Amino acid sequence: MGNSKNKDTLASQIKDNGFAHLEEALSLEEVEHYLSSSKALHQSELENVAAGTRSNDADFQTYHFKGAHLYNSPRQTRVFDPLLGHPILLSFLDHFFETKSILNQTELRNPIKNGKDNYAYEWHRDGRVLAKDTFWLIVFWLFNDIDETNGPCEIKKGTHLTDEHDQEAETIKLKGKAGDIIIMSNNILHRATVSYSNKDRWIFIPTYNPWFIKPSMDYTKVFSQKTFNQFTEEQKQIFYNL
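Cut-offs applied
Residues numbered from 1 in each chain as written. Predicted model: local features only at pLDDT ≥ 70, side-chain atom pairs only at ≥ 80, totals over all residues. Heavy atoms only, no water. Pairing = 2+ DSSP bridges. Helix = DSSP H or I, 4+ residues; strand = E, 2+ residues; numbered from the N terminus. Axes fitted to C-alpha atoms, helices over the stretch in contact; angles between N-to-C directions. Contact = heavy atoms within 4.5 Å. Salt bridge = Lys/Arg side-chain N within 4 Å of Asp/Glu carboxyl O. Buried < 20%, exposed > 50% of the residue type's maximum accessible area, 1.4 Å probe, protein only.

### Comments concerning the sheet that holds strand S9 (residues 203-210)
Taken in spatial order, the six strands of this open sheet run S1-S7-S4-S9-S3-S2, and their pairing is antiparallel. Across the chains shown, the open sheet's two edge strands, defined by having one partner strand only, are strand S1 (19-22) and strand S2 (68-71). Neighbour-to-neighbour, the strand axes of the sheet open up by a mean angle of 20 degrees, direction not taken into account. Judged from the eight bridges that link them, strand S3 (residues 101-110) and S9 form a sheet pairing that is antiparallel. Residue pairing across strands places Leu108 opposite Phe204, the latter belonging to S9. The strands that helix H2 (residues 28-51) touches are S2 and S3; relative to S2, the one it contacts most, it runs at about 85 degrees.

Encoded structure:
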């Protein structure tokens, strides 16, 4: 993804098919770091809820998502910042959008076995505007292997280009190995599938858009100036210091 040829290939895959898959973006050591951090963060959240120091807000209540679902992690931890502002990823995003990209929101998810409890399991689009061009890209950082059994996301290939629910469009399960990245158009028809396994499926899911579109989360209100000054230039960009 580092050179312009690779960027053009990935961009073409997203524009034509609605998604692209980049293998081995993280080392096994990096995967283990983010996986253990995800589990620790989830455990801390559960303890806060049990202690009454944190209400069941959007992370638990709005989405009705059984299992782990942590929304907008930058408000409470710095552990995922290197992924959010990953230089190679950000370089591709700027290339794809043909302008500076910023962070829209993040989610951290791990479903439970046989859980099927909200609209995410129905065919839907995350896009706010259906247009010829993709204005939001969803990035899946895989912290576990994803196969047929532990709830891969399903997409309808090419449906980001039409407002029709094309029943004949090819259905593809987005499977991969821990350390892979999958990048998906927010306008493609997709849905979660049920996990029939006890295997974890931790995925970190940041969404990005061009700088001129207002994001879901105003991250300028999250950080102190001291914290912001410690960010890399790429991290400062995604948090709107353009």
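### Some remarks on the pattern of salt bridges
Scanning all chains against the criterion turns up 12 salt bridges. Residue Asp145 pairs with Lys177 through a salt bridge whose shortest N-O separation is 3.9 Å. With Asp145 in the loop between strand S4 (137-142) and strand S5 (154-156) and Lys177 in the loop between strand S6 (171-173) and strand S7 (181-185), the pair connects residues that are 32 residues apart, well separated along the chain. Judged by its relative accessible area of 52%, Lys177 is exposed. Connected through salt bridges with shared partners, the residues Glu148, Glu154, Lys173, Lys175 and Arg191 form a single ionic network.

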